[in-house]
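# Coordinate analysis (summary)
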Amino acid sequence: MGSVRWAFRCGSWTPTRSDWLFAARCVQQEEKDRIGQFVFARDAKAAMTGRLLLRKMVHERIGIPWSEIRLERSPRGKPYLAASLKVGPDSIPEPPSWSFNLSHQGDYTVLAAEQGMQVGVDIMKVTMPGSSSVPEFFRIMTRQFTAYEWSVIQSSSLEHQQLAAFYRHWALKESFIKAIGTGLGFNLQRVEFHLSPEPLSQKCALRQTKMLLDEEEEDNWVFEESLLDADHHVAVALGPADNRLHPSPPPPPASFMLLSFSDLIASASPLTEEDPACWDSFEMKAEAPQRQRETRASE
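Residues numbered from 1 in each chain as written. Predicted model: local features only at pLDDT ≥ 70, side-chain atom pairs only at ≥ 80, totals over all residues. Heavy atoms only, no water.

### A closer look at the sheet that holds strand S7 (residues 191-194)
- Strand order in this open sheet of three strands is S7-S8-S9, and the pairing throughout is antiparallel. Strand pairing shows two members of the sheet lacking a second neighbour, S7 and strand S9 (216-217), which therefore form its edges.
- Taken together, the four bridges between S7 and strand S8 (residues 210-213) define a ladder with antiparallel strand orientation. Within S8, the residue paired with Glu192 across the bridge is Leu212.
- Of the strands in this sheet, S7 and S8 touch helix H6 (residues 159-180), which is tilted by about 130 degrees from S7. (Pairing = 2+ DSSP bridges. Helix = DSSP H or I, 4+ residues; strand = E, 2+ residues; numbered from the N terminus. Contact = heavy atoms within 4.5 Å. Axes fitted to C-alpha atoms, helices over the stretch in contact; angles between N-to-C directions.)

Here it is, written out as structure tokens:
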């Protein structure tokens, strides 16, 4: 079984003209067009690096030539391969399929992929609420967590630690929702997380956190948690594939590997001709909304 955990720090990436134009040539035309429609450079960079991460994984781990990779989106926006791998002679069983998922928030884009299991990933940056106090923010979000989860989130007397616990729980719930592909219609109070007693670390991923679904512990689901840095928490949900009610145990948890832009494009090959207007459009974008730029400058 295969496993991939990759991260790219898009928040500090300042692409050169040649970098951006080459990246734009290495994604599908409709994705390039979609990326060009983002108002802010921050969002365009996250989307571009996400597509490059996906294509790199499919090319290097599944073995499909870069030019033959065709990525589509489900009605709920989850990426998938448009065509399955070609199957060899009947005597050779088809290998377990790969599941993959992306997330970007804060300063990073992350990808998690797993062979033979469903996977969902979510990254959250611990930040102060933009337009309300922490108690008011929690009041607005009351229905997203169970009474037990709120007792854990609010157990610290320090607001920053409360927010860290809030975003940790949120990333766990989002990773599960993304793995099962349910979307916004899912009642988040059906899911309750009991956190690992061990502190999170940048050095290794923890798997002690347990999930209850409709008050019953789900033994078939595994949750990996780790830190990319002091402010960015990542959760990966691993569950049984649709046709495998009792999946094999996943490999030992791996920490996210931080990739450089050179790593990201190491196996890439252009799909389209160079389009100078793509750079002109990107160069004119503001990095982020004014309020967020001011917040970052004050941190």
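### As for the sheet that holds strand S10 (residues 222-229)
- Strand order in this open sheet of three strands is S6-S11-S10, and the pairing throughout is antiparallel. The strands lining the two open edges of the sheet, one partner per strand, are strand S6 (117-125) and S10. Each strand of the sheet is rotated relative to its neighbour by a mean of 15 degrees, with strand direction disregarded.
- By the bridge criterion, nine bridges tie S6 to strand S11 (residues 232-240) in an arrangement that is antiparallel. Its bridge partner being in S11, Val119 is matched across the sheet by Leu238.

So far we have only geometry, and geometry alone does not tell us how the molecule works.
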